[in-house]
Amino acid sequence: MNIMYLALIGALIALVFAAVTASGVMKKSEGSEKIKKIAGAIKKGANAYLKRQYKSVAIFFIIVTILLFIMVAFGFMSFFVPIAFFVGGVFSAMAGFIGMKIATAANSRTVNGATKSLNSALRVSFSSGAVMGMTVVGLGLLYLTIWYFILNAYYAGDSAQIASNMLMFGMGASCMALFARVGGGIFTKAADVGADLVGKVEAGIPEDDPRNPATIADNVGDNVGDVAGMGADLYESYVGSIISSGALAIAAGLGANGLALPMILAALGIVASVIGTFFVRTKENASQKSLLSALHKGVYIAAAIVAVVSFFVVTGMLGMENIGVYFAIISGLVAGIVIGYYTEYVTSDHFKPTQTLADSAVTGPATTIINGFALGMKSTAIPVIVVVASVLISYFASGGANGFDVGLYGVAISAVGMLSTLGITLATDAYGPVADNAGGLAEMSGQEEIVRERTDALDSLGNTTAATGKGFAIGSAALTALALIAAFADQVKLDVSNLSLLNPTLLMGIFIGAMLPFLFSALTMSAVGTAAQKIVVEVRRQFKHIKGIMTGEAEPDYESCVDICTKSALHLMLAPAILGFVSPIIVGVVLGASGVIGMLAGATASGFVLAVMMANSGGAWDNAKKYIEGGKHGGKGSEAHKAAVVGDTVGDPFKDTSGPSINILIKLMSMVAVVFASFIMSVSIL
């Protein structure tokens, strides 16, 4: 109990730091009245969307909570589970909402900072990202520690009962994350694709031109998708990795200290992340490489602190005989950094892969798309090898050769190691949409060229850090999903013979699971296409019927595009979200527990590879376009640029809707399987 107060203190440190940092951002000036007006429209649209989304999602949560209470009445689960499901969803939504609020407040302040210096703009945008990162880890750890204290009091310190209950407490966060990611992704990419196709390709006007009716919707989308959606996504990964490793600690015989260790590591990571944020600085006229180095410095310092101090934490809590657990943590920490760095290499326009992709745009859109697909497919090899290596190292280092359960605990704790520095890792990711919004504001408010150059530099960097963040999220999702599959297997206590590939139910489950990420992606891609078509029609209508738009004499109807995106996103997000929730239950009823394990394994394997491919193809297409806009192959308006815009448009739903949502899909299905394990065992046909 005493050591768990350290976890609570860590959560409070994160939330206090987020509050102080947010206060510092809010004290900055927003700049001119024109900037305030445009920023106000973005803020209004983002608030309206989230308000309507939360109302829609609340209905789903109420229905599922009632369903869970019915399951409690039949003895399938503890009465704590429905309460934790609802509260977990609220905390996840809160993490995304707070991140969105600070992002929409920081965009105008970043533009104003850019009128002074590049460093001023970086500090404002990065500080807003730090608020997002620290809010996610603070709320996640606070949620878990509060439940720990409640369960500890109720079960009189019985670690097995505490772990068994807490294992089921991540489903609410998973459901909220999927709705936030899918809904936000549909919104942002429908607006982005529609704005690009009509504005850039057809009308030949620049990105973020105030004459384009979809520009405000595009900037709103950056906040509801890339900030609120990403926050809910990584909140869910963070909570899932901690609770799965805690549950496996009991199975491994590591007792209360093994259960507490993930939370103490999370608290250590918070302190390390806070320290790391103070090292993010840059000089005026810094190159992209220097800007990236400034962000890397903060992340690497935080990782180094965790690497050193976690040795003493592990040996102090588990003893030198379990020193292998420390190496499992390090394997996860290093794997996260390697995946992030490799993602940066294949998607940044400072390296050969994306530059070569930009070269292919000279011969048209077809070769751009073909080579973008090839780049994404090729880029799956290293992340898969890194995760495989991390799993092997963590399994055997922690003692898997001598005990299967201890090895699984090592795999789970490596995911905690990877996510331990999430506070600052997410800060470098969440800063990107703020910089993107700032670039749009600078363009729409007619700022001086130097201001736009500074915001463009931050925006281009943001594309790279966003791609890196997605790679990190995908890697952590794979490890977390593996831990949850192991936890499910422990819950249902299947005989080893049932896990043979010769078992037809397991094999059928693998095939179904391998198919699900593709079906899910098809639904989300179609949703973006359907919504984008409506935006294209609306923007064309306004260009044709509102006289004076192209000359700047009349103002477009921005709100109509925001409304179209909102309605489309809320309607079209339901089918993919429900697919992720019901699939494990249906497969469990038909094929039994072994079929569910096969499905989860198949979905994790194919989903991991598909998500990497989509994220990296999309990121490379985006940065190839920006590389050409920097003056290569004729620059803006050239035939190569038009081809690159088509590639970027195809890649938008890849990298910002379908790809990132697959992360949540594989974790949600695992979490649903865990929660409904007892029900599946009782009613399965096979």
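Residues numbered from 1 in each chain as written. Predicted model: local features only at pLDDT ≥ 70, side-chain atom pairs only at ≥ 80, totals over all residues. Heavy atoms only, no water.

Identification of the protein as Putative K(+)-stimulated pyrophosphate-energized sodium pump from Christensenella hongkongensis is taken from an unreviewed UniProt entry. For the protein, the Subunit (unreviewed entry) comment in UniProt is given as "Homodimer." Here is the UniProt Catalytic activity (unreviewed entry) comment for the protein, exactly as written: "Na(+)(in) + diphosphate + H2O = Na(+)(out) + 2 phosphate + H(+)". (UniProt positions renumbered as here; feature names shortened; annotations may be inferred.)

Caption draft 1: Highlighting the overall build of the protein. Along the backbone of the protein there are 21 helices and 0 strands. Taking 686 residues into account, the globule formula puts the C-alpha radius of gyration at 26 Å, and the protein, at 24 Å, falls close to it. With the C-alpha coordinates of the protein rotated into their principal frame, the extents come out at 70 × 50 × 45 Å. The burial tally for the protein puts 65% of its 686 residues in the buried class. For the protein, restricting intrachain contacts to residue pairs at least 6 apart in sequence, the fraction spanning at least 24 positions comes to 85%. Of the roughly 22800 Å² that the protein leaves accessible, carbon and sulfur atoms contribute 67%. Within the protein, one finds 41 positive and 42 negative side-chain charges whose respective centroids are separated by 4 Å. (Helix = DSSP H or I, 4+ residues; strand = E, 2+ residues; numbered from the N terminus. Rg over C-alpha atoms; globule rule 2.2 N^0.38 Å. Buried < 20%, exposed > 50% of the residue type's maximum accessible area, 1.4 Å probe, protein only. Contact = heavy atoms within 4.5 Å. Areas by Shrake-Rupley, 256 points an atom, 1.4 Å probe, with all protein chains shown as cover. Lys, Arg positive; Asp, Glu negative; His and termini not counted. Charge placed at Lys NZ, Arg CZ, Asp CG, Glu CD.)

Caption draft 2: Summary view of the UniProt feature "site: Determinant of potassium dependence" (unreviewed entry) in the protein. In the UniProt entry, the feature "site: Determinant of potassium dependence" (unreviewed entry) is given for A466. For A466, the location among the structural elements is in helix α16 (residues 449-492). Note on A466: relative accessible area 15%, which makes it buried.

Caption draft 3: Spatial organisation of empty space enclosed by the protein. For the coordinates displayed, the defined rule picks out 5 cavities of 30 Å³ or more. Of the volumes computed, that of the largest cavity is approximately 380 Å³. D226, D436, N463, D622 and K655 are the residues nearest the centre of the largest cavity, which is lined by 31 residues in total. Within the residue set of the lining of the largest cavity, elements represented by two or more residues are α6 (171-203), α7 (215-251), α15 (422-444), α16, α19 (574-629) and α20 (639-675). (1 Å grid on protein atoms, 1.4 Å probe; cavity = no way out; pocket = protein on both sides within 12 Å on 5 of 7 lines; lining within 4 Å. Points joined across faces, edges and corners; volume = space filled by probe spheres on them.)

Caption draft 4: View of unusual backbone geometry. A positive phi is found at A156, a non-glycine position, where the angle reads about 55°. By the secondary structure assignment, A156 is in the loop between α4 (118-154) and α5 (159-166). The phi angle at H633 is positive, at roughly 55°, despite the residue not being glycine. On the secondary structure map, H633 appears in the loop between α19 and α20.

Caption draft 5: Examining the pattern of salt bridges more closely. Under the definition given, this model contains 22 salt bridges. Between R52 and D563 there is a salt bridge, with the nearest N and O atoms lying 3.3 Å from each other. One end of the pair, R52, is in helix α2 (residues 33-73); the other, D563, is in helix α18 (residues 558-572), and 511 residues separate them in sequence. Since its relative accessible area comes to 33%, R52 is described here as partly exposed. The salt bridge partner of K189 is D656, with a shortest N-O separation of 3.0 Å. (Salt bridge = Lys/Arg side-chain N within 4 Å of Asp/Glu carboxyl O.)

Caption draft 6: Just the packing of aromatic side chains, in detail. Throughout the structure, instances matching the rule amount to 31 aromatic pairs. With centroids separated by 4.9 Å and ring planes inclined at 85°, the aromatic side chains of Y154 and Y155 adopt a geometry described as edge-to-face. The partly exposed category is assigned to Y154, whose relative accessible area is 48%. On the numbers, 5.0 Å between centres and 85° between planes, the contact of Y395 with F396 is edge-to-face. Clustering of aromatic rings is evident, with ring pairs tying together F60, F61, F76, F85, F86, F179, F581, F676 and F679. (Phe/Tyr/Trp six-rings, centres within 6.5 Å; stacked < 30°, edge-to-face > 60°.)

Caption draft 7: Local environment of the packing of α4 against α5. Packing of α4 against α5 leaves a shortest axis separation of 10 Å and a crossing angle of 135°. Considering their axes alone, α4 and α5 lie oblique with respect to each other. At the point where α4 passes α5, the crossing takes the right-handed sense. Side by side, α4 and α5 meet where L144, Y148, L151 and N152 of the first sit next to I162, N165 and M166 of the second. Among the residues making up the contact of α4 with α5, the classes are represented as 5 nonpolar, 2 polar and no charged. (Axes fitted to C-alpha atoms, helices over the stretch in contact; angles between N-to-C directions. Parallel < 35°, antiparallel > 145°, perpendicular 65-115°, else oblique. Left-handed = near helix turned anticlockwise from the far one by under 90°. Nonpolar A, V, L, I, M, F, W, Y, C, P; charged D, E, K, R; others polar.)

Caption draft 8: Looking closely at the layout of surface pockets. When its volume is computed, the largest pocket comes out at roughly 750 Å³. Forming the boundary of the largest pocket are 27 residues, of which L408, L482, I485, A486 and I597 lie nearest the centre. Breaking the lining of the largest pocket down by element, the ones donating at least two residues are α7, α13 (381-397), α14 (404-419), α16 and α19.

Caption draft 9: Representation of the packing of α2 against helix α3 (residues 80-114) within the structure. Direction vectors running N to C along α2 and α3 enclose 175°, while the axes themselves pass 9 Å from each other. In terms of orientation, α2 lies roughly antiparallel with respect to α3.

Caption draft 10: Focus on the environment of M4. Among the structural elements, M4 can be located in helix α1 (residues 4-26). The spatial distance from the C-alpha of M4 to the C-alpha of I264 is 7.3 Å, given a sequence separation of 260 residues.

Caption draft 11: Broad picture of the environment of K534. With respect to the helices and strands, K534 occurs in helix α17 (residues 504-545). With a relative accessible area of 45%, K534 lands in the partly exposed category. With residues near it in sequence (within four places) discarded, K534 still touches I564 and S568.

Caption draft 12: Geometry of the confidence of the model for the protein. Model confidence for the protein is summarised by a mean pLDDT of 89, while 99% of its residues fall at 70 or above. Averaged over each element, pLDDT in the protein is lowest for α16 (81) and highest for helix α12 (residues 365-378) (96). (pLDDT = per-residue confidence, 0-100.)

Caption draft 13: Seen up close, the side chain of S661. By the secondary structure assignment, S661 is in helix α20. The class of S661 is buried, set by a relative accessible area of 0%. Here T657 takes part through its backbone oxygen, which lies 2.6 Å from a polar atom of the side chain of S661. (Polar contact = N/O pair within 3.5 Å; in protein donor to acceptor, adjacent residues only side chain to side chain.)

Caption draft 14: Geometry of the state of the cysteines. Under the defined criterion, the tally for this structure stands at 0 disulfides. In this structure C561 is a free cysteine whose sulfur lies 6.8 Å from that of C565, the closest cysteine sulfur available. (Disulfide = S-S within 2.5 Å.)

Caption draft 15: Geometry of α3. Taking 1.5 Å of rise per residue, 35 residues should cover 51 Å, and α3 covers 50 Å from first to last C-alpha, within 8% of that figure. Along α3, the largest kink reaches about 30° and is centred on A106. Across the 35 residues of α3, 27 count as buried, placing the element largely inside the fold. (Expected span 1.5 Å × (residues − 1). Bend = angle between axes of the 7 residues up to and from the residue.)

Caption draft 16: Geometry of the nonpolar core. In this structure, M171, L261 and F676 are the most contacted members of the largest nonpolar core, which totals 242 residues. With residues up to four places along the chain from it excluded, the contact list for L261 reads V313, V314, M317, L318, V325, Y409 and I413. (Core = buried A, V, L, I, M, F, W, Y, C linked by side-chain atoms within 4.5 Å.)

Caption draft 17: A look at the side chain of S127. Tracing the backbone through its elements, the reader meets S127 in helix α4. Residue classification places S127 among the buried residues on the basis of a relative accessible area of 13%.

Caption draft 18: Local environment of the environment of Y54. Within the element layout of this structure, Y54 appears in helix α2. Look at Y54 and you get partly exposed, because its relative accessible area is 23%. In this structure, Y54 is in contact with A93, G96, F97 and M176, ignoring residues within four places of it in sequence.

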